[in-house]
Amino acid sequence: MSSLSRELVFLILQFLDEEKFKETVHKLEQDSGFFFNMRYFEDMVTNGEWDEVEKYLSGFTKVDDNRYSMKIFFEIRKQKYLEALDKRDRAKAVEILVKDLKVFSAFNEDLFKEITQLLTLENFRDNEQLSKYGDTKSARGIMLAELKKLIEANPLFRDKLQFPSLKNSRLRTLINQSLNWQHQLCKNPRANPDIKTLFVDHTCGQPNGARAPSPVTNPLMGAVPKAGAFPPLSAHGPFQPTPAALPTSLAGWMANPSPVPHPSPSAGPIALTAANNAAAILKRPRTPPTNNSAMDYQTADSEHVLKRSRPFGISDESSYSTDDLPKTVVMTLNQGSAVKSMDFHPVQQILLVVGTNMGDVMLWEVGSRERIAVKSFKVWELGACSMPLQASLSSDYTASVNRVMWSPDGTLFGVAYSKHIVHLYTYHGGDELRNHLEIEAHVGSVNDLAFSYPNKQLSVVTCGEDRVIKVWDAVTGTKQYIFEGHESPVYSICPHHKENIQFIFSTATDGKIKAWLYDNLGSRVDYDAPGHSSTMMAYSADGARLFSCGTNKEGESYLVEWNESEGAVKRTYHGLGKRSVGVVQFDTTKNRFLAAGDEFMIKFWDMDNVNLLASIDADGGLQASPCIRFNKEGILLAVSTNDNGIKILANADGIRLLRTVESRTFDASRVASAAIVKAPAIGTFGSANANVGTSLGERTAPAAAMVGMSNDSRNFTDVKPKIADEAVEKSRIWKLTEITEPSQCRSLRLPDNLTAMRVSRLIYTNSGLAILALASNAVHKLWKWPRNERNSTGKATTNQAPQLWQPPSGILMTNDISDTNPEDAVPCFALSKNDSYVMSASGGKISLFNMMTFKTMTTFMPPPPAATFLAFHPQDNNIIAIGMEDSSIQIYNVRVDEVKTKLKGHQKRITGLAFSNTLNVLVSSGADSQLCVWSTDGWEKQASKFLTIPNGRTASALADTRVQFHLDQTHLLAVHETQIAIYEAPKLECLKQVG
């Protein structure tokens, strides 16, 4: 439906409402699905008109559309069921159970069993989870508050909760204007025309007087309204606009969130517990019940469909296993003094910066076990320091490192010392650390530092013993903000942003948690950390989930996940011991695991399970509360030892990475990756639009939040070091392995009980757990490997046959083919980075499928031109690059259904697309045998090159050219019918070509 047709529906709704056709209004709302009348919905829920409630909802969503929708329907049906039980109408309750609630058993069988068991109780309030259930009226009110939050958060209701701002009788006005215009066009207009019908155009009769084109005043339509003369709709009207809610990340924490009438919830689990009063939620954190593991279900980590999907406690097929954890000790580095803080380089992932209790800062190249650079504590300009600091240094010229932290692009790192000072060093490769800024940041100890982009310019956030948080320009050292309000020393900081709202969480030694926006209006949050502990906070790498870990004065430690929308503890992880000294340190990795240094061990948890997953002692010798730090990929783990050393642990991928590095001749002067060497000069520090978030590091005391990229960027290994003879090095690295013997190969036939069709496209899922195929008839097929004794990881293998998988509904993921013949189309598809969604096309519209339910989420972009290649942006699943048949590339935002820009540079259809996280570029290839490099910052073309066709070979008119980046995100593989070539981006320098 066109936008004008949609607007016409709104005009009709307004007209019907003004004419008091109430039932017709709501029927049209439901049938069109354009406007969800929250006032009408509230009335039906309050009156318990459950059939009408579901009927009205059906115009906007279905039970299995997404987790929000499922939670909405579950809460309604659960309430209906409890009311039947409360009335002792067990026959009705059984009917509701079988007819309405049975559908949820496929998603959570244990919960359905527990709901069924309520039939055996004389009073269902005897169930602990329902003990606070009040009377029917109050229960409906509490549920209604929850439903409103779910609806506001549900992407299917986006833009449907606010009626357009219209002047009264807008449809009448337009009709009057039309009649006026028709009257103006009359050949013989009358002074007072008599309008008797709208079914045909107006014309005046035979002339009987002078020409007098006056406004139409027929009482049927009323007077032509004057601009601005209409009063606003009354507050009790059904089309009252609703204010837009702030991001859930902070709104739910606010003690007085006046701009937010209903904090948007995450789509929580369907659960048996009685809903909590919204006012109580905002007053204090709530700890979920832990005595019943069946009640601990996963909630959503996203507001829209293209982020990680975990519906209602039924987690995705896990992309990881415990084998992915780095648990093998591969080396020990002798630091010389006690380790206080560590951080791996965000790009060159074998570089590790370490700070010690003696004030030393060391940079290690883990692959070669070489200490590249050392900086001892020294004040650069003593005369510029305050008198208290000078006095302190005159009596004791020593300081401990409290925190070391790389900037998001790796061009500099910060050091926070126990005496007033913060140092920033620049690093652009080699063994040289250059002094950049010395800031006297706080009075006393600087307890923590982190990086953020509050004004699209890199800043440093610090906190200290003087109870304040400060923000500094990372280029000039100018103080930008100061936040005061803590009553004890500020222990740690955690800057983050969501939906373009930048904020900082801070924690103090008295266990207080506060949150600040970059303004001068004071703290927006005042909560107590679990156990009033000294706490560190951190987001998962994708920025979707918030965790904290700390230890209180009694030695009790708490590791928890927070529900940001409510400012409440969502789950508490078990397994931490009690300690006499120190604070437990923790870190996150792969958006999947938590790790903490505790009781001379490293302990691991799955984020979705409160119970301890594994613990290792790393061959012994660890500190009681060791510092720990994952590298960005999560394949290496550094942990401090009690003899002033560092152990490096690795998984299989980490071991391969280190062996690769060790096999090269190392030259420290050339260690920097291409990304680092080409980094911008001080003053920009990379893109101003860089996505900064938090992932936690380590420290004995004080502690703080580590900062990294807030997207799921832990997905590439370090960029290869360069050595003196680059030609020799490139030849060695890119020497191709030849497979010449059948014994080098393994084969397996995939079982298929569906219609046998030619496979057009075939890929492994990103997790390595499955294979996805697109057949020539536009149908997708998914094979998954079962996890069992023969295959404990569930990864793809030829030792065991996979299973052709379908959801319980039995539906197939089938592309739109419109009027095209799929056999003649150019099929293409792409998987989101967590395998939750697949974008696909077979010559018709592009389809977005949910990989768990196979449900079609949306279709868009009907041909012509048809899509010929698809690629998800690596940092935002909502941004898709679409290669087209007409040689253009469209950058499309799924969330807002909008083409952001169109790239033109090829002469023939697009045959390949590949993004690089590190270089911030998109490389395209076409049937014209050309490669193009586009900046993802402004989408300008940076370089282009036609493939060199080998002598004696001729490229066909439409030659498929495919491109793929190496794990280092710099080297590019190009596959053409005449050759295989390796290029170095972004300049497209050819390193190797095989004809």
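Residues numbered from 1 in each chain as written. Predicted model: local features only at pLDDT ≥ 70, side-chain atom pairs only at ≥ 80, totals over all residues. Heavy atoms only, no water.

**Digging into the pairing of strand S14 (residues 490-498)**
Then, number 1: Along S14, nine of the nine residues are buried, which leaves the element largely enclosed by surrounding structure.
Then, number 2: Two elements, S14 and strand S15 (residues 501-508), share eight bridges in a ladder whose sense is antiparallel. Bridge pairing in S15 links Val 490 to Ala 508.
Then, number 3: Linking two consecutive strands that pair antiparallel, namely S14 and S15, is a turn of two residues; a positive phi of about 50 degrees is found at Glu 499 within it. (Buried < 20%, exposed > 50% of the residue type's maximum accessible area, 1.4 Å probe, protein only. Helix = DSSP H or I, 4+ residues; strand = E, 2+ residues; numbered from the N terminus. Pairing = 2+ DSSP bridges.)

**A look at the packing of helix H1 (residues 3-18) against helix H9 (residues 170-184)**
Axes are the key here: two packed helices are described by the angle between their axes and the distance separating the axes.
Then, number 1: At a minimum axis separation of 8 Å, H1 and H9 run at an interaxial angle of 110 degrees. When the axis of H1 is compared with that of H9, the two are roughly perpendicular. Residues Leu 8, Leu 11, Gln 14 and Phe 15 of H1 lie in contact with H9, whose contacting residues are Arg 170, Leu 171, Arg 172 and Leu 174.
Then, number 2: By residue class, the composition of the contact of H1 with H9 is five nonpolar, one polar and two charged. (Axes fitted to C-alpha atoms, helices over the stretch in contact; angles between N-to-C directions. Parallel < 35°, antiparallel > 145°, perpendicular 65-115°, else oblique. Contact = heavy atoms within 4.5 Å. Nonpolar A, V, L, I, M, F, W, Y, C, P; charged D, E, K, R; others polar.)

**A look at the sheet that holds strand S35 (residues 828-831)**
What holds strands together in a sheet is hydrogen bonding between their backbones, with the strands either parallel or antiparallel.
Then, number 1: Reading across the sheet, the four strands line up as S35-S36-S37-S38 and stay open at both edges, with antiparallel pairing between neighbours. The open sheet terminates on both sides in strands that have one partner only, identified here as S35 and strand S38 (856-860). Neighbouring strand axes in the sheet, compared pairwise and without regard to direction, differ in orientation by 15 degrees on average.
Then, number 2: Pairing of strand S36 (residues 837-841) with strand S37 (residues 846-850), which is carried by four bridges, proceeds in the antiparallel orientation. When the sheet's bridge partners are listed, Met 839 is paired in S37 with Leu 848.

**Focus on the sheet that holds strand S22 (residues 585-589)**
Then, number 1: Strand order in the open sheet made by the four strands is S22-S23-S24-S25, with antiparallel pairing throughout. Two strands close off the open sheet at either side, each with one partner strand: S22 and strand S25 (612-616). The sheet shows a mean angle of 20 degrees between the axes of neighbouring strands, direction not considered.
Then, number 2: Across four bridges, the pairing between strand S24 (residues 601-606) and S25 is antiparallel.

**Description of the packing of aromatic side chains**
Then, number 1: Here the structure, examined in full by the defined rule, presents 26 aromatic pairs.
Then, number 2: The interplanar angle of 80 degrees and the centroid separation of 5.1 Å between the aromatic rings of Phe 36 and Phe 60 together place this pair among those described as edge-to-face. With Phe 36 in the loop between helix H2 (22-32) and helix H3 (38-46) and Phe 60 in the loop between helix H4 (50-57) and helix H5 (67-86), this residue pair connects regions lying 24 residues apart in the sequence.
Then, number 3: Since its relative accessible area comes to 0%, Phe 36 is described here as buried.
Then, number 4: On the basis of an interplanar angle of 85 degrees and a centroid distance of 5.2 Å, the ring pair of Phe 74 and Phe 104 is categorised as edge-to-face. Taken together, the positions of Phe 74 in helix H5 and Phe 104 in the loop between helix H6 (90-101) and helix H7 (109-117) put the pair 30 residues apart, joining distant regions of the chain. (Phe/Tyr/Trp six-rings, centres within 6.5 Å; stacked < 30°, edge-to-face > 60°.)

**Some points on unusual backbone geometry**
Glycine aside, a negative phi is what most residues show, and trans is what most peptide bonds show.
Then, number 1: Here the bond from Pro 864 into Pro 865 is cis, since omega is -10 degrees, no more than 30 degrees from zero.
Then, number 2: In this fold, Pro 865 is placed in the loop between S38 and strand S39 (867-873).
Then, number 3: Its identity is not glycine, yet Glu 599 carries a phi of approximately 55 degrees, on the positive side.
Then, number 4: Within the element layout of this structure, Glu 599 appears in the loop between strand S23 (593-598) and S24.
Then, number 5: Phi is positive for Trp 939, which is not a glycine, with a value near 60 degrees.
Then, number 6: Inspection of the secondary structure puts Trp 939 in the loop between strand S45 (930-935) and strand S46 (941-946).
Then, number 7: Classification of Trp 939 by relative accessible area gives buried; the value is 12%.

**Focus on the confidence of the model for the protein**
Detailed reading of the predicted coordinates is not advisable wherever pLDDT is low.
Then, number 1: For the protein, mean pLDDT is 79; residues scoring 70 or higher make up 80% of the total.
Then, number 2: In the predicted structure, residues 207-249 sits below a pLDDT of 50 and forms 83 contacts with residues beyond four places in sequence or in another chain.
Then, number 3: Across residues 254-267, where pLDDT falls below 50, the model places 45 contacts with residues more than four positions away in sequence or in other chains. (pLDDT = per-residue confidence, 0-100.)

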